[in-house]
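Breakdown of the fold
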Amino acid sequence: MHPTVRFAPSPTGYLHIGNARTALINRLFALQHGGRFILRLDDTDTARSRAAFAEAIVEDLGWLGIAPDLTVRQSDRAALYEAAAARLKRDGRLYPCWETAEELDRKRRRQRARGLPPVYDRAALKLTDAARAALEAEGRRPHWRFLLEDRAVVWDDLCRGPQHHPAAALSDPVLIREDGTCLYTFTSVVDDADLGITHVIRGEDHVTNTAVQIQIFEALGHAPPAFAHHNLLVAAGGEELSKRKGTLSLRALREAGYEPMAVASLAVLIGSAEALEAVASLEELAGRLDLARLSRAPSRFDIGDLAALNRKLVAAMAYEDVAERLSSLGVGGGAAFWQAVRGNLDVVADAVGWWNRIVGPVAPVIAPDDRPLLAEAARLLPDEPWDETTFGTWVAAVKAATGKSGRALFAPLRQALTGLDHGPELKLLLPLIGREEAIRRLGGTS
Ligand code: GLU
């Protein structure tokens, strides 16, 4: 099996972490099975779609490490939709309706008042030719509904197991608006069939669409693809993520300095049977994805989880992988500096703060009682060259000379050398600070 999957965002905003979950699950599924990944930009809603958002989507996917095998835009594919619509009209599966939004609303309210489900009553199918002609003469243009067959739609969902949806509970969906533009429910099926999509993997908010879309596939003479509806990611407070409102956008997470693989690990592993871990590559992440074992309840995104994954990922990063970024941040010190600080960073850019501690100036807060200790320590600093062993040799000498040990010895040394009472190992920082500067910070004279 070489599957073809697709990720189909509408370019109406920036991708958020929930969209990343869908995109990644598709990409990883393709990786698992040697398949193809298509990016389909659902841009038929011209009022809300923007070219800039489409570009941002491509860029954000690239940041996550997703390079589509093919990118298509629905706005380029109108001829296919027209041909498919003509076929459905010919077969009597697409029928014209003239109700206005207000009329439909009134119908629904009456149905609810009588305790009935608000399902479209197919009144348009019962109109006489004269009644239709009268509506057209009023200047009304029809919208077009798909005639659902009155049968249950079933499929074996790769995430949710066997599904059974009686069509009687659903309204015949509108596939074409009054102005002739097509709705997503329809265009998506035409594209999935045309592009040979074998697996439609998307959020569980599309389950009802699937029931309808399977009937559309069949009406167009296509065997439906396999379907998988994964659970959704919700914000910490339980609220839905929204592309239009920009909640938890990938851009914002990137700007906050999170690594793409920290974001990807969280987006995929949250709500899975796997431990939440920072995984180093999409290939490795693919090995941990099992559609059938994703949680069935919404997963809550917690920024604290992302921060923790990011810290672990950064702490394990090799110098070669960050060298360019460090130099663009103006951070020096090479591999030795990176080794010293990487375990103390929330995000890579925090290295700047530590680099400033190395080059100084620092403003230590020294208790007067500690001055003699620090002066003695300055006096006992060995000659350069220094390495990782220098600190151990030096503090042993300071301890012997002053009788101080433990916190009483280390806390003032750390405060004097870095201006802080916590941070990376002093044995790694000391050679980076260098003898002359260390003596100055200890309050001695060089
Ligand atoms: N454009 C649709 C959306 O963003 C695509 C859904 C699908 O995957 O079919 O929700």
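Residues numbered from 1 in each chain as written. Predicted model: local features only at pLDDT ≥ 70, side-chain atom pairs only at ≥ 80, totals over all residues. Heavy atoms only, no water.

Overview of the pairing of strand 10 (residues 226-230)
By the criterion of burial, strand 10 is predominantly enclosed, with 4 of the 5 residues buried. Looking at chain direction, strand 9 (residues 199-203) and strand 10 are connected through 5 bridges and run parallel. Looking at the pairing, Ile201 lines up with Ala228 of strand 10. Assessed by its sense of winding, the connection that carries the chain from strand 9 through helix 7 (residues 207-219) to strand 10 is right-handed. (Buried < 20%, exposed > 50% of the residue type's maximum accessible area, 1.4 Å probe, protein only. Helix = DSSP H or I, 4+ residues; strand = E, 2+ residues; numbered from the N terminus. Pairing = 2+ DSSP bridges. Right-handed = clockwise from strand over helix to strand, strands pointing away.)

Some thoughts on the layout of surface pockets
Where empty space is left becomes clear once a probe the size of a water molecule has been rolled over the atoms. Volume-wise, the largest pocket comes out at about 1,000 Å³. What lines the largest pocket is a set of 35 residues, and nearest its centre among them are Ser10, Asn19, Asp205, His206 and Lys243. Contributions of two or more residues to the lining of the largest pocket are made by strand 1 (4-7), helix 1 (17-33), helix 6 (184-194), strand 9 and strand 11 (233-234). Here the residues of the lining of the largest pocket sort into 11 nonpolar, 14 polar and 10 charged. A volume near 240 Å³ is recorded for the second largest pocket. What lines the second largest pocket is a set of 13 residues, among which Ala78, Tyr81, Gly180, Thr181 and Cys182 lie closest to the centre. Considering each element in turn, the lining of the second largest pocket owes the most residues, 5 residues, to helix 3 (residues 78-90). Among the residues making up the lining of the second largest pocket, the classes are represented as 5 nonpolar, 5 polar and 3 charged. (1 Å grid on protein atoms, 1.4 Å probe; cavity = no way out; pocket = protein on both sides within 12 Å on 5 of 7 lines; lining within 4 Å. Points joined across faces, edges and corners; volume = space filled by probe spheres on them. Nonpolar A, V, L, I, M, F, W, Y, C, P; charged D, E, K, R; others polar.)

Remarks on the site of the ligand
Neighbouring the ligand are Arg6, Ala8, Ser10, Asp42, Tyr184, Ser188, Arg202 and His206. One of the backbone N or O atoms of Ala8 is found 2.8 Å from a nitrogen atom in the ligand. Tyr184 places a polar side-chain atom, nitrogen or oxygen, 2.6 Å from an oxygen atom of the ligand. The fraction of the free accessible surface of the ligand (290 Å²) that becomes covered by protein chains is 80%. Cavity membership is defined here by more than half of the atoms lying within 2 Å of grid points; on that basis the ligand lies in the largest pocket. Looking at the shell around the ligand, its residues break down into 2 nonpolar, 3 polar and 3 charged. (Near = heavy atom within 4 Å. Polar contact = N/O pair within 3.5 Å; in protein donor to acceptor, adjacent residues only side chain to side chain. Areas by Shrake-Rupley, 256 points an atom, 1.4 Å probe, with all protein chains shown as cover. Sits in = over half its atoms within 2 Å of the grid points.)

A few points about the UniProt feature "domain: Glutamyl/glutaminyl-tRNA synthetase class Ib catalytic" (unreviewed entry) in the chain
Here the UniProt feature "domain: Glutamyl/glutaminyl-tRNA synthetase class Ib catalytic" (unreviewed entry) sits at residues 5-306. With 38% helix and 17% strand, residues 5-306 has its two end C-alpha atoms placed 27 Å apart. (UniProt positions renumbered as here; feature names shortened; annotations may be inferred.)

Topic: the pattern of salt bridges
For the structure on display, the rule yields 32 salt bridges. Here Asp192 and Arg6 are joined by a salt bridge, their closest N and O atoms 2.8 Å apart. Taken together, the residues Asp192 in helix 6 and Arg6 in strand 1 connect sequence positions 186 residues apart. Since its relative accessible area comes to 4%, Arg6 is described here as buried. A salt bridge links Arg40 to Asp192; its shortest N-O distance comes to 3.0 Å. (Salt bridge = Lys/Arg side-chain N within 4 Å of Asp/Glu carboxyl O.)

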